[in-house]
Structures are given as structure tokens and as C-alpha cells.
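Read off the chains here:
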Amino acid sequence: MKNKILITTPIYYVNDKPHWGHAYTTVAADVLTRFFRIQGNEVFFLTGTDEHGAKVAESAEKLGKNPKVLCDDNSEAYKIAWEKLGIEYDYFIRTTDKIHEEKVVEFLKELKDKNAVYEKEYEGLYCVGCEKFLTEKDLVDGKCPDHKTEPKKIAEKNYFFKLTNYLGKIEKLISKDQLLIQPEIAKKEVLGLFKQRLEDFSISRQKEKVRWGIDLPFGENQTVYVWVDALLNYCTGNGTKEFDTYWEKGKVIHVLGKDILKFHAIFWPAMLLAAGKNIPQREFIHGFFTFNGQKMSKTIGNVIDPSEIVDKFGVDATRYLLLSQFPFGQDGDVKKEKFVEKYNSDLANGLGNLVARVLTLANKYGIKDGKSEKEIEKRIKGVKEVYEKDMQDFRLFEALEEIWKLIGFCDKYIEENKPWQITDKKKLETVLSNLLYCISEIADLIAPFLPETSEKIKNQLKTGKSEILFPRLQ
Ligand code: MSP
């Protein structure tokens, strides 16, 4: 059935350039978009950059740059990286876009009108790296465990959102999968959060402290809290003057990392409920990469620039290297030195070699596309069923595994049948037809992951001319 779906990535902070972690989320969301499109759905794929707040302002100051210039430079860097990675987004939102800022103001007025905000004196510990308040309990040796910096003590009068009014309802929606949080481990984590104390959160900052933000439409000298501004991108980022064109009729799927789960699974639906809007249907939460056991960090110097990997391995291979490391939803450690090994074994010697071998044999014996056997068709049908189920539930790693099992089967099939030794013409034709059929199916299955390669294989099957897909690397 044809559905209208909105697929989103988080919008990334422009304090820095895109890295491997950002690329992971974005490529995964792109793969889902392509898959759902192939399945006949109408998908709007949204990504973009989060440009306001203290974090961006402080980075700009450190660099001696005007914040807008830093935003322009780095949002451009994101666009360039996504183009290199073959990301086919429909809209790239920047939170400094005038149209977004205006819609944020409208939404906040609505929250105020619906009596969902109030003013309060507040004292708390703020981590600029996280752009959120932390509690004493969150700290390790007095520092934010993620950013290894001491949070700032803040005491000011802010506007607060009545989160606590909506907690019961959201907990129910999540437990009943009406707001589907996947995988199960992430759902458990969110449900655990309701057991702790969740408090109303501040939606504004004093302008003298955070100047780089959208002016709050009520309350003097306050700017909108960067997370409220950012989450609203999912409604404003449609390229029109309307607020949430896709949300009305469509299904909304957010893809994000586990670090920002609370904002997406609790704060965001609460804001939407308060304003009387639809909530997302599904959120898919993935784990984190570490490199050689360590968090990616500039100080350690292990930050991977995805563009650099594309230059070395090519776009499809980079997409493959991103998604084939560990199951989506879990954390995983990678070693950059292992990329070449994985590339050679799975792409050059695996997929690439199989296609070349089959086409060479088919050419040699003059077979284009004959009739494949029932048995092989049955096997493919089985593979497709598992694959589709995996893709529907965002088990991208497992879906890839299923394809590579099929590649392995074809290799074995060639070894066992030794087409070059077959003298019976009919038998030879059947064996090669089976293989050609498998390859054309593989080309379809890889299409969301490796779109260029999929096209190349289909072309090679049409013309019969084999060209190297993945040259072996040293
Ligand atoms: N601007 C906020 C998101 C606002 S969404 C309304 C933000 N930006 S971020 O630039 O810090 O990006 C965070 C996201 O980047 C994570 O949720 C995840 O998708 C991705 N990743 C960042 N580091 C990562 C890893 N080391 N591994 C995997 N993904 C990671 O938070």
C-alpha cells in the first residue's frame, strides 16, 4: 500500500564539520528512504543543521568568526559531505532560515495560548556541549561525562514548559507502541526514564547569556532554548509556508542516536501534544561508534572525516563500511585500518568478483538470460522475505548479511557446478541462467545501500559488458 512518510535525521550542530557518526545516521536514513520508495511509498526525506545556541556561539567566538559565518561555512560542509555520500534528501533545513524562525515563533505563541508555559526562577548546572541542564547525579568528578567539562551554574528567570502534564499520556503511547520506539532496548530505556523524576524544562534563556537564538515572542529579553527551536525543524522543514504538511496525513519516522533519545521520545511528543498536533509514529534509535575503544574526539585525533573515506573507497563502499560494522541499535568499535580488509573481502572479492565471474562465463558461452530453476527462485523468495522484514524493522546490518549470504551461496554454486567443465549445453545454460538471475536479484536488493553499484550491475547485465566494480586495494 502506498503511504506518505516523512523520514528525518537529527539536525546537526554547526560548531564543527560532519564526522563518521553523523554520516552513519544520515546514510542509514537515506537507505530507509530509498527502501520505502522502492516499496512504492511517497517519502519526504529531511535533514539539516542546528545553528542556534551557546554551543555554536562559543565555537564561533573561539574562532573569531561571526556566528552566522560559521553556520554558513559548516552547513555547507554538511551539504557537501551528503552529496559525496549520495544522500538524496528532499529538503535541507537550517534553523537560521527565516521561514523556520517565524514558524517557531508561531508555535511558541500557541503553547502560551494553550497555557502550557509559565515563568519561573531557576538555578541549575548547564553543559554547553550537551546544550542541556545536568543534575549533580549526572556528573563524574564534577564534570559532564560526555564532554569532560564542568557545567556552568546558571540562575535566571526563564519560561518553562509543563512537561509533567503530558508524561502519563506519553508513557502510555510508548508502552502501547502507538509511539513505536525501536529497537526494544531503546524502548526499555525510555520507559525507565518515566520511573525517575522528570521535571518541567526551560524553553528559554536570558538574552544577555544566549544572544544567538530566536527571540521569544513573549517575555522580554529571552531567546528560545536551542532544543525547542531544533525539534521544531521536523514540522517546519518542508520548504513551504505551512507548518507541518507531512504530519497531517503522513507517518513520521525519526532516525537518531541514543544520546538524544530523551529529547525525541519524551520532550518532543509532549510539546506536540500540548499544541494539539500529531505525534511521530516511530523513532529508530541507533548506537554509537567508538574507534579503537575510544570515543571520537578531536583531542585524541581519531575523528574520521567521511569525505576522506569516500575519496579512498568510493561512495558505495563508504556507505557499506558505515552500515556493515555492527547491528543498528547497538554500539560498536571500529578500527580504521580494518576498512581495507573489509572492502577487499566483501566488495572486491565478494560482490565485485562474483558479478565479474558470472558475466565473463555468460559471455564466453553466449548466454544472456535463460530460464532459472524453481529451486533457485524459491531460495531467492526466501531471502527476499527475510530481507524485507529486516528492512521494515530497520535491521540494516542483518539485511546486508542476508544479501552477502546469497553472494556466498552463488560463489559456492559456481564452485560446485564448475560451468567451465559442463559439456551438456542445456545444463550449462541452466547453471548460468540461475546465476544471472541471482545477480539481477542481488542488484535489486543492494539498491538502497549501494545505489550506484546496483545501477552498474543492471547495466552490465543488459549490455553483457563486465567492468570492475570494486578494484582491489592494498
Ligand atoms: N543538534 C542536536 C540534534 C537536534 S535534532 C532536533 C545534536 N547534534 S549533533 O551534531 O551532536 O549530532 C548528534 C547525532 O549525531 C547523534 O544523535 C547521532 O545521530 C550522530 N552521532 C554523533 N556521534 C556519533 C557516534 N560516535 N556514533 C554514531 N552516531 C553518532 O545532537
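Residue positions are given per chain, counted from 1 along the sequence in the order it is written. At least 70 in pLDDT is required for a residue's local features to be given in this predicted model, at least 80 for side-chain atom pairs to be given and counted, and no such filter applies to totals for whole chains, interfaces and linings, which use all residues. As a rule here, side-chain values cover all heavy atoms of the structure and leave hydrogens and water aside.

**Remarks on the overall build of the protein**
Okay, step 1: What counts as a helix is a DSSP run of H or I of at least four residues, what counts as a strand is a run of E of at least two, and both are numbered from the N terminus. The number of helices and strands found in the protein is 17 helices and 15 strands.
Okay, step 2: Dimensions of the protein, computed from C-alpha atoms along their principal axes, come out at roughly 90 × 45 × 40 Å.
Okay, step 3: In the protein, which comprises 474 residues, the proportion classed as buried is 54%.
Okay, step 4: Whether two residues touch is decided by their heavy atoms; if any such pair falls within 4.5 Å, the residues are in contact. Counting contacts in the protein only where the partners sit at least 6 residues apart, residues at least 24 apart contribute 78% of the total.
Okay, step 5: Using a 1.4 Å probe, accessible areas were evaluated by the Shrake-Rupley method; residue-level cover was limited to the displayed protein chains. Roughly 22,000 Å² of accessible area belongs to the protein as shown, and the carbon and sulfur atoms make up 48% of that amount. Burial classification: accessible surface area is computed with a 1.4 Å probe over protein chains only, and a residue below 20% of its type maximum counts as buried, one above 50% as exposed, and the rest as partly exposed.

**Here's the deal with the pattern of salt bridges**
Okay, step 1: Within this document, salt bridges are pairs made up of a side-chain nitrogen of Lys or Arg and a carboxyl oxygen of Asp or Glu, the two lying within 4 Å of each other. If you walk through the whole model with that rule in mind, you get 34 salt bridges.
Okay, step 2: Between lysine 277 and glutamate 110 there is a salt bridge; the shortest N-O distance is 3.4 Å. Separated by 167 residues along the polypeptide, lysine 277 in the loop between helix H10 (261-274) and strand E13 (282-286) and glutamate 110 in helix H4 (residues 98-113) bring together distant segments of the chain.
Okay, step 3: Relative accessible area serves as the criterion here: at 25%, glutamate 110 is assigned to the partly exposed category.
Okay, step 4: Note that lysine 389 and aspartate 393 form a salt bridge whose closest N and O atoms lie 3.0 Å from each other.
Okay, step 5: One continuous salt-bridge network, built from bridges that share partners, spans Arg282, Lys389, Asp390, Asp393 and Arg395.

**Observations concerning the site of the ligand**
Okay, step 1: The ligand sits among 23 residues. The nearest are Ile11, Thr25, Asp50, Asp259 and Phe289.
Okay, step 2: Identification of polar contacts relies on pairs of N or O atoms within 3.5 Å, with a donor-acceptor requirement for protein atoms, meaning one able to donate a hydrogen and the other able to accept it, and with residues adjacent in sequence counted only if both atoms are side-chain atoms. Note that a nitrogen atom of the ligand is positioned 3.4 Å from one of the backbone N or O atoms of glycine 21.
Okay, step 3: The contact in question runs from an oxygen atom of the ligand to an N or O atom on the side chain of histidine 286, over 3.3 Å.
Okay, step 4: Where the shell around the ligand is concerned, the elements lending two or more residues are strand E2 (12-13), helix H1 (20-38), helix H7 (226-231) and helix H8 (233-236). Consider each residue's heavy atoms; a residue with any of them within 4 Å of a molecule or strand counts as near.

**A short note on the pairing of strand E12 (residues 251-257)**
Okay, step 1: Most of E12 is tucked away, with six of its seven residues classed as buried.
Okay, step 2: By the convention used here, strands pair only if DSSP detects at least 2 bridges between them. Two elements, strand E1 (residues 4-8) and E12, share four bridges in a ladder whose sense is parallel. Bridge pairing links isoleucine 7 to isoleucine 253 in E12.
Okay, step 3: Relative to E13, E12 runs parallel, the two sharing five bridges. Of the residues in E13, the one forming a bridge with leucine 256 is isoleucine 285.
Okay, step 4: Each parallel crossover has a hand, and the one from E12 via H10 to E13 is right-handed. Note on handedness: a clockwise path from strand one over the helix to strand two, with the strands aimed away from the viewer, defines a right-handed crossover.

**Some details on the domain arrangement of the protein**
Okay, step 1: In this entry, domain limits derive from an automatic or database-based domain assignment. Once the domains are mapped, the protein shows domain 1 (4-286) and domain 2 (338-463).
Okay, step 2: Distance from the C-alpha centre of domain 1 to the C-alpha centre of domain 2: 42 Å.
Okay, step 3: Counting from both sides, the interface comprises 13 residues of domain 1 and, opposite them, 12 residues of domain 2.
Okay, step 4: When domain 1 packs against domain 2, the two sides together hide about 1,200 Å² of surface, and 73% of this comes from carbon and sulfur.
Okay, step 5: Inspection of the region where domain 1 meets domain 2 yields one salt bridge. Values labelled buried area give the accessible surface lost by two parts on being combined, using a 1.4 Å probe and summing over both.

**Observations concerning the environment of threonine 49**
Okay, step 1: For threonine 49, the position within the fold is in strand E3 (residues 42-50).
Okay, step 2: Its relative accessible area of 0% is what places threonine 49 among the buried residues.
Okay, step 3: Measuring from C-alpha to C-alpha, the distance between threonine 49 and arginine 379 comes to 44 Å, with 330 residues separating the pair along the chain.
Okay, step 4: Excluding anything up to four places from it in sequence, threonine 49 contacts Ile11, Tyr12, Val14, Ser75, Tyr78, Phe92, Ile93, Arg94 and Thr95.
Okay, step 5: Side-chain polar atoms of threonine 49 contact the side chain of glutamate 51, separated by 2.7 Å.

**Observations concerning the side chain of glutamate 441**
Okay, step 1: Its location among the elements puts glutamate 441 in helix H16 (residues 425-446).
Okay, step 2: Glutamate 441 gets classed as buried once you look at its relative accessible area, which sits at 9%.
Okay, step 3: Dropping the residues within four chain positions of it, glutamate 441 is found in contact with Ile380 and Lys384.

**Things to note about the side chain of threonine 95**
Okay, step 1: Here threonine 95 is to be found in the loop between strand E4 (91-94) and H4.
Okay, step 2: Reaching out from threonine 95, the side chain makes a polar contact with the backbone nitrogen of glutamate 51 at a distance of 2.8 Å.
Okay, step 3: Those residues in contact with threonine 95, other than ones at most four positions away along the chain, are Ile11, Thr49, Asp50, Glu51, His52, His100, Glu101, Asp229 and Ala230.

**Topic: the pairing of strand E5 (residues 117-127)**
Okay, step 1: Two strands pair when backbone bridges link them, and E5 and strand E7 (residues 152-161) are joined in this way by 10 bridges, in the antiparallel orientation. By the bridge assignment, tyrosine 126 is partnered in E7 with lysine 152.
Okay, step 2: Pairing between E5 and strand E6 (residues 132-134): three bridges, direction antiparallel. Note on E6: the bridge partner recorded for tyrosine 126 is phenylalanine 133.
Okay, step 3: Counting the residues that bridge the hairpin from E5 to E6 gives four residues, and of these glutamate 131 lies at a positive phi of roughly 55°.

**Structural notes on helix H14 (residues 374-392)**
Okay, step 1: How far a helix is expected to stretch is found by multiplying one less than its residue total by 1.5 Å. Between its first and last C-alpha atoms H14 spans 27 Å; for 19 residues at 1.5 Å apiece the expected length is 27 Å, and the two agree.
Okay, step 2: Inspection of H14 places Ile376, Ile380, Val383, Tyr387, Asp390 and Met391 among the buried residues, and these make up the whole buried set. Down the axis of H14, the buried set is contained in an arc of 90°. They therefore lie on one face. Facing away from the buried side of H14, by more than 90 degrees, are the exposed residues Lys374, Glu375, Lys378, Lys381 and Glu385.
Okay, step 3: Buried residues in H14 make contact with H1, helix H15 (396-417) and H16.
Okay, step 4: Where H14 ends, the next residue or the one after it, phenylalanine 394, has phi of about 65°, a positive value. Relevant arc is that of directions from the helix axis to the C-beta atoms, nothing else.

**Examining the nonpolar core**
Okay, step 1: The nonpolar core is taken to be a set of buried Ala, Val, Leu, Ile, Met, Phe, Trp, Tyr and Cys residues, with the residues joined through side-chain atoms within 4.5 Å. Membership of the largest hydrophobic core comes to 86 residues, with the highest contact counts inside it found for Ile7, Trp20, Leu323, Leu351, Trp404 and Phe449.
Okay, step 2: For this core, the element with the most residues is helix H13 (residues 338-364), which contributes 12 residues.
Okay, step 3: If we ignore the near neighbours within four places in the chain, the residues touching leucine 351 are Asp346, Trp404, Ile407, Ile442, Ile446, Leu450, Thr453, Ile457 and Phe470.
Okay, step 4: One finds Ala54, Phe243, Ile266 and Ile285 within the second-largest nonpolar core, a separate group that totals 67 residues.

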